[in-house]
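Observations on the model geometry
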Amino acid sequence: MKCDICNCEKNYIKDHKHNYNVKGKKISFVMPRRFCKNCNNLVYDSKLDNSASLKALEIYNKMSNLEEDKII
Ligand SMILES: [Zn+2]
């Protein structure tokens, strides 16, 4: 997959810290993502991007469940 910014085809995978804000909840986790070797831009990788999205969802669901437990 080519980099959007410099069109470089060389890239590498490294752990990336994700910070999301979902409906006012702060979600933060580390997952591997693909980066451009030339400019360090995040490069699209369907597999890695998908697992990062799933992880965010999983954490969000866990947080929601914890809050429901507190109310009960
Ligand atoms: Zn690049």
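So, a few notes on the structure that sits alongside this text.

What counts, and where the lines are drawn
Residues numbered from 1 in each chain as written. Predicted model: local features only at pLDDT ≥ 70, side-chain atom pairs only at ≥ 80, totals over all residues. Heavy atoms only, no water. Donors = N, O, S within 2.8 Å, 3.2 Å for Na, K, Ca; no water. Tetrahedral: all angles 85-135°; square planar, octahedral: opposite > 155°, others 65-115°. Buried < 20%, exposed > 50% of the residue type's maximum accessible area, 1.4 Å probe, protein only. Pairing = 2+ DSSP bridges. Helix = DSSP H or I, 4+ residues; strand = E, 2+ residues; numbered from the N terminus.

1. Considering the coordination of the zinc ion
- Distances from the zinc ion to its protein donors, namely Cys3 (SG), Cys6 (SG), Cys36 (SG) and Cys39 (SG), fall within the range 2.2 to 2.4 Å.
- Relative to the metal, the four donor atoms surrounding the zinc ion lie at angles of 103 to 121°, and the coordination shape comes out tetrahedral.
- Sequence positions of the residues that donate to the zinc ion give the spacing C-x2-C-x29-C-x2-C.
- Accessibility expressed as a relative area gives 0% for cysteine 36, which makes it buried.
- On the basis of relative accessible area, cysteine 39 is assigned to the partly exposed category, the value being 32%.

2. As for the sheet that holds strand E1 (residues 11-22)
- Taken in spatial order, the three strands of this open sheet run E1-E2-E3, and their pairing is antiparallel. At either end of the open sheet lies a strand with only one pairing partner, and these are E1 and strand E3 (42-43).
- Judged from the 12 bridges that link them, E1 and strand E2 (residues 25-36) form a sheet pairing that is antiparallel. Residue pairing across strands places asparagine 21 opposite lysine 26, the latter belonging to E2.

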